[in-house]
Amino acid sequence: MEGNEKIKDHKVDLGILGGTGLYEIEGLTDIKEIPLETPFGAPSEVYILGELEGKRVAFLSRHGQGHRILPSEINYRANIYGFKMLEAERVISVSAVGSLKEEIKPQDIVFADQFFDRTRRKNTFFGEGIAAHISFADPVCPSLSEVLYTAGKDLGLRVHKGGTYICIDGPAFSARAESNIYRSWGCHVIGMTSATEAKLCREAEICYATMNLVSDYDVWHVEEEPVSVEIILENLRQNIHQAKAIIKKALSILPEQREDQCECGLAMENIVVTKPELIPGETKEKLRLILKKYLKS
Ligand SMILES: [Zn+2]
């Protein structure tokens, strides 16, 4: 973990995970690039640390600079563990989604608060001799999500509070039959990343909220042209600056302390089911940052 010792000087107030179209945050001052190596491997990119609205933030591009990592190739565990190393207690995730509802239009922004996870990828820090089961009934931080929604509303943007995000592996977009079935299930938006990040943030006791930029109507909408990368990128170009404005505004109204606001910081309390003496030393070491409050040795 060469270079990781230096991170003690870089405790951040907020992590930002940028997705398609969001590869940087303007207006950061006192910028430092921090490459991290985690017990779960290398994150997607170096973390860009800086100051914005008087708060310390760390930005990470989940697809890497130049967008070279597919949703199911992302090392989600390393990305989230990196934020834990930087002591970020809150992470805002920005991701492009397709709309599954008529009333959620391209270029709108949805703050999803539920997930339907159809992915088959690694979505836990546990295993290798330790079992734990987080509560995921309410998967996003209500307080952080509310801050973002309020920021969007104050800016006069078309924002939607709550909704179900169906998460698929991709990289292909849905077949029309799949899209219609997801609609019949009551899902609001479809994407490829957010459910995985939400699970890992809960395990890491990090507040997580997701800001979903609607790039298209997915393929169910018969009047629309079928979704293409070109349409998606054009719509994203239009609303990416709105996302940046929301982040800036949210930072200015974010409460200093998260205690009293939510219970994300206690997510791991009493949920490890493995007898402590049976947890392999190597596994314990890998999970040290996550479990140090709870394991005596
Ligand atoms: Zn929280």
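So, here's what we can say about the structure.

### Points about the overall build of the protein chain
The number of helices and strands found in the protein chain is seven helices and 11 strands. For the C-alpha atoms alone, the extent of the protein chain along its principal axes is close to 60 × 40 × 35 Å. In the protein chain, which comprises 297 residues, the share counted as buried stands at 47%.

### Quick notes on unusual backbone geometry
For the bond from glycine 170 to proline 171, the omega torsion is 0°, close enough to zero to count as cis. Unusually for a residue other than glycine, glutamate 53 sits at a positive phi of about 50°. Relative to the helices and strands, glutamate 53 is located in the loop between strand S3 (47–52) and strand S4 (55–61). A positive phi is found at asparagine 270, a non-glycine position, where the angle reads about 60°. For asparagine 270, the location among the structural elements is in the loop between helix H5 (229–253) and helix H6 (281–286).

### A closer look at the nonpolar core
Side chains of a nonpolar character, in soluble globular proteins, are inclined to be buried together. Ranked by internal contacts, the top residues of the largest apolar core, which has 83 residues, are Ala58, Ile92, Leu148 and Ile206. No other element matches H5, which puts eight residues into this core. If sequence neighbours within four positions are ignored, alanine 58 has contacts with Val12, Gly15, Tyr47, Leu49, Phe83, Leu86 and Ala88.

### Describing helix H1 (residues 76–85)
Every α-helix winds through 3.6 residues per turn, so residues three or four apart in the chain are directed the same way. Most of H1 is tucked away: nine of the 10 residues are buried. Of the surrounding secondary structure, the elements contacted by the buried residues of H1 are strand S1 (14–18), S3, S4, strand S5 (90–99), helix H4 (194–203) and helix H7 (288–291). Two residues or fewer past H1, glutamate 87 is found with a positive phi of approximately 65°.

### With respect to the packing of helix H2 (residues 142–154) against H5
Two numbers describe how H2 lies on H5: the axes approach to 8 Å, and their chain directions differ by 115°. Crossing hand, H2 versus H5: right-handed. Residues Val147, Leu148, Thr150, Ala151, Gly152 and Asp154 of H2 form the contact with H5, whose own contacting residues are Ile246, Lys249, Ala250 and Ile253. Looking at the contact of H2 with H5 residue by residue, the classes come out as six nonpolar, two polar and two charged.

### What to know about the packing of H1 against H4
Packing of H1 against H4 brings their axes to within 10 Å, and their N-to-C directions diverge by 45°. Relative to H4, the element H1 is oriented oblique. For the pair H1 and H4, the crossing hand works out as right-handed. Contacts between H1 and H4 involve Tyr76, Arg77 and Ile80 from the former and Thr196, Glu197, Leu200 and Cys201 from the latter. A breakdown of the residues in the contact of H1 with H4 according to their chemical character gives four nonpolar, one polar and two charged.

### Focus on the environment of isoleucine 168
Residue position: isoleucine 168 is located in the loop between strand S9 (164–167) and helix H3 (176–184). Separated by 24 residues in sequence, isoleucine 168 and methionine 192 have C-alpha atoms that sit 4.9 Å apart. Excluding anything up to four places from it in sequence, isoleucine 168 contacts Arg118, Thr119, Ser174, Ile190 and Met192.

### Some points on the pairing of S9
Where strand S7 (residues 114–117) meets S9, four bridges bridge the pair, whose relative direction is parallel. Bridging across to S9, glutamine 114 finds its partner in threonine 164. When S9 meets strand S10 (residues 189–191), the two strands line up parallel, connected through three bridges. Counted as the bridge partner of isoleucine 166 is isoleucine 190 from S10. Traced from S9 through H3 to S10, the parallel crossover comes out right-handed.

Analysis parameters
- Residues numbered from 1 in each chain as written.
- Predicted model: local features only at pLDDT ≥ 70, side-chain atom pairs only at ≥ 80, totals over all residues.
- Helix = DSSP H or I, 4+ residues; strand = E, 2+ residues; numbered from the N terminus.
- Buried ≥ 20, exposed ≤ 12 C-beta atoms within 10 Å, placed from the backbone.
- Core = buried A, V, L, I, M, F, W, Y, C linked by C-beta atoms within 7 Å.
- Contact = placed C-beta atoms within 7 Å.
- Axes fitted to C-alpha atoms, helices over the stretch in contact; angles between N-to-C directions.
- Left-handed = near helix turned anticlockwise from the far one by under 90°.
- Nonpolar A, V, L, I, M, F, W, Y, C, P; charged D, E, K, R; others polar.
- Parallel < 35°, antiparallel > 145°, perpendicular 65-115°, else oblique.
- Pairing = 2+ DSSP bridges.
- Right-handed = clockwise from strand over helix to strand, strands pointing away.

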